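# Structural features, examined
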Amino acid sequence: MKPGRLAWWLVIWVVGLFYLIPMLSMTRFAFQRIPVIKLSFNNVFSKWTIEPLLTTFSDSGFRSSAMLSIWLAIATAVLTLLLLVPTMTIAHLRSPRMRRVIEISAVLPFVVPAIALVVGFAGAFRDTIPQLIRSPFGMVPLYVITALPFTHRTLENGLASLDLRTLIDASRSLGASWIRTVLFVIVPNMRASIATASFLALTVVLGEFTIASLLLKNTLPLYLAYAQGQNPQGSFAVGLVLVVLSAGFVTAANRFGKRVVS
Amino acid sequence: MAGSFKSRARHFIYLPYLIFLSVFLVWPGIYVFRAAFEKNSAERHPMVEAVTGQYRASFIYSLELSAVSAAIGLFIGSLVAIAIVRLENVRVLRSLVVGYSSVAANMGGIPLAFAFLSAFGMQGLATRLLREINIDLIGWGFRITDFWGIVLVYLYFQIPLMTLILVPAIDGLRRTWHEVAQSLGATANQYWRFVALPILTPALLGGFLLLIANAFAAYATAFALSSGGSRLVPVQIRFFLQGETITGKTNLGYAMAAWMVLLTLVLVIGFQTLVRRSERWRQ
């Protein structure tokens, strides 16, 4: 092997270890009942247990915050699709100018960090529609906004790869109504990008901390942050589950995303 | 554009999206700036006070943390990107590294803080393993909750983000350029130094700005690591504006948020401009 290649392999290995070690440490801490100090080659494989995870799963505080996070994630994905798919489809068909407007507006959330967005939101709605701040589902619009740059890009790629005009003309000339056309022609053709966008929205919601923390809503990440003190092993175990889950979502999004392009 | 009712009516289809953005993005944004520029009883304007004294220190700390983690992320992330291109003949390597990078670039928040606490905390596994080979992090004064500790944690999403930004840019380098350079007698290193690097510069600089903005907005990880993170701007804003408590300095909190938006705006515009420049080579 040439020395140059060896150096590049070294880069890959060092960074690979850096990516791997924190995750392995978290796994060990969550599932092995041996303090780091007492850890040695003789007991690396002993006292592993999934009990911390099971105990936490039966905790009512965990259950309510997990349910809340799951519902918020689903609501966010649904609202994202309802808001974007029809609007973007029509813009693609009829108005390149509108398409550009949507494209620019979709990267705006990058400019407003979550912390600024949420304090502005709380201030703006405190005196006008306080219900939005009080109900945890008031956060859904903010989540939609936070995920917008990613979800928009995905759907945009999906739409760009379709011959929309032909599909719609065919469907319409066969007598299908507009609603039928969208539901049974456009949506099935966009299923890969719709799935990708949904996965991205789910990932954003399951990991989001800033917004829920400032509005004092007990989502899963908030539960973890506060349970860390009394139940470190259990909350690290759940943290690991969250990592695996969002890794799965992102990987699924990549898979589907590739199908969008090809 | 025909003036018939029907052609105008079809524009209504865009209304839900536009209203949604106005209500949940533009209005909160405007609210932040209005509250920030509201003159209160304090002698100094909130926008001025937000960048003086201890609050200035807070901004500098946040920006330093972002810039340092972005610089290291830029360097290592680029090395990884070049490595997977150089080791192209190993098929799985590329999809493995790019795949994991997109996972790690999205990582953040509480679970990431947990992972680093269990690896590099006082009782961390990595801390322990390093001590076995006589690298005593804690003895050297390293704490995962300090400046360099947070930098280390941030690198977990900064490095992969840079890799993801750079890989398409490197793919855009045309094989023919390499061949031309070779046929003119350039060594591999000369090619990278005098041909590839100048072409990649906009992508590198743009990535650097994006990485700064990325770290600047991060909040959850620092919050979970607590102590050291408490000086970060987002944590300060939270202190003034959390829940319903009246600290008497709400305007100051909004002013800090307004400064964050302004700084991020500059970074994002810089990023967009540079990316457009770097795309000129790719047709």
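A brief structural summary. Note that this is a predicted model, so its numbers are computed, not measured.

To continue, consider the overall build of chain B. The helix and strand inventory of chain B stands at 13 helices and 0 strands. Secondary structure elements in chain B, listed N-terminal to C-terminal, are α-α-α-α-α-α-α-α-α-α-α-α-α. Along the first, second and third principal axes, the C-alpha atoms of chain B reach 75 × 70 × 30 Å. Expressed as a percentage of the 283 residues in chain B, the buried residues total 51%. Pairs at least 24 residues apart make up 72% of the contacts formed inside chain B by residues separated by at least 6 positions.

Another aspect to go through is the overall build of chain A. Along chain A, the regular secondary structure elements total 13 helices and 0 strands. Along chain A, helices and strands appear, N-terminal first, in the series α-α-α-α-α-α-α-α-α-α-α-α-α. What you see for chain A is a C-alpha radius of gyration of 23 Å, clearly larger than the 18 Å of a compact globule of 262 residues, by over 25%. Dimensions of chain A, computed from the C-alpha atoms along their principal axes, are close to 75 × 65 × 35 Å. Looking at chain A residue by residue over its 262 residues, the buried ones come to 52%. Taking the intrachain contacts of chain A between residues at least 6 apart in sequence as the baseline, contacts between residues at least 24 apart amount to 71%. Of the roughly 12500 Å² of accessible surface on chain A, a fraction of 69% belongs to carbon and sulfur atoms. One finds the centroid of the 22 positive side-chain charges in chain A at a distance of 7 Å from the centroid of its 8 negative side-chain charges.

What follows is about the packing of helix α7 (residues 140-160) of chain A against helix α10 (residues 191-207) of chain A. Residues and elements named next belong to chain A. Running from N to C, α7 and α10 cross one another at 160°; their axes reach a closest spacing of 9 Å. As summarised for this structure, α7 and α10 are arranged roughly antiparallel, according to the angle between their axes. Remark: the crossing between α7 and α10 carries right-handed chirality. The segment α7 lies against α10, with Tyr143, Thr146, Ala147, Phe150, Thr151, Thr154, Leu155 and Gly158 engaging Ser193, Ile194, Thr196, Ala197, Leu200, Ala201, Val204 and Val205. Across the contact of α7 with α10, the residue classes tally to 10 nonpolar, 6 polar and no charged.

At the interface, 74 residues of chain A touch 74 residues of chain B. Taken together, the two surfaces of chain A and chain B that pack against each other cover about 6700 Å², and 77% of this comes from carbon and sulfur. Sorting the residues of chain A by area buried against chain B places Trp8, Phe18 and Tyr19 of chain A first, and these three jointly supply 11% of that buried surface. Counting the contacts that link chain A with chain B gives 0 salt bridges. Applying the counting criterion to the chain A and chain B interface returns 9 residue pairs in polar contact (both at pLDDT 80 or more). Every element with two or more residues in the side of chain A that touches chain B is listed here: α1 (3-31), α3 (60-94), α4 (96-111), α5 (114-126), α7, α11 (210-214), α12 (220-227) and α13 (232-261) of chain A. Split into classes, the residues belonging to the side of chain A that touches chain B amount to 55 nonpolar, 14 polar and 5 charged.

Here the focus is helix α5 (residues 91-105) of chain B. Here α5 of chain B contains 15 residues, and its C-alpha end-to-end distance of 22 Å stays within 8% of the 21 Å for a straight helix at 1.5 Å per residue. The set of residues buried in α5 of chain B consists of Leu93, Val97, Ser101, Ser102, Val103, Ala104 and Ala105 of chain B.

Before going further, it helps to spend a moment on the pattern of salt bridges. Residues and elements named next belong to chain B. This structure, assessed with the given rule, holds 8 salt bridges over all chains. A salt bridge links Arg94 to Asp171; the nearest nitrogen and oxygen atoms lie 2.5 Å apart. With Arg94 in helix α5 and Asp171 in helix α8 (residues 147-171), this residue pair connects regions lying 77 residues apart in the sequence. Using a relative accessible area of 28% as the deciding quantity, one classes Arg94 as partly exposed. For Asp171, a relative accessible area of 41% corresponds to the partly exposed category.

Our focus in this paragraph is a nonpolar patch on the surface. Residues Met67, Ile70, Trp71, Ile74, Val78, Leu82 and Phe137 of chain A make up a contiguous nonpolar surface patch of roughly 680 Å² in combined accessible area. Along the polypeptide, Ile70 of chain A turns up in helix α3.

Rules and cut-offs
Residues numbered from 1 in each chain as written. Chains lettered and ligands numbered in written order. Predicted model: local features only at pLDDT ≥ 70, side-chain atom pairs only at ≥ 80, totals over all residues. Heavy atoms only, no water. Helix = DSSP H or I, 4+ residues; strand = E, 2+ residues; numbered from the N terminus. Buried < 20%, exposed > 50% of the residue type's maximum accessible area, 1.4 Å probe, protein only. Contact = heavy atoms within 4.5 Å. Rg over C-alpha atoms; globule rule 2.2 N^0.38 Å. Areas by Shrake-Rupley, 256 points an atom, 1.4 Å probe, with all protein chains shown as cover. Lys, Arg positive; Asp, Glu negative; His and termini not counted. Charge placed at Lys NZ, Arg CZ, Asp CG, Glu CD. Axes fitted to C-alpha atoms, helices over the stretch in contact; angles between N-to-C directions. Parallel < 35°, antiparallel > 145°, perpendicular 65-115°, else oblique. Left-handed = near helix turned anticlockwise from the far one by under 90°. Nonpolar A, V, L, I, M, F, W, Y, C, P; charged D, E, K, R; others polar. Buried area = accessible area lost by both parts, 1.4 Å probe. Salt bridge = Lys/Arg side-chain N within 4 Å of Asp/Glu carboxyl O. Polar contact = N/O pair within 3.5 Å; in protein donor to acceptor, adjacent residues only side chain to side chain. Expected span 1.5 Å × (residues − 1). Patch = residues over 30% accessible without salt bridge, like charges linked within 9 Å, V, L, I, M, F, W, Y side chains within 5 Å.

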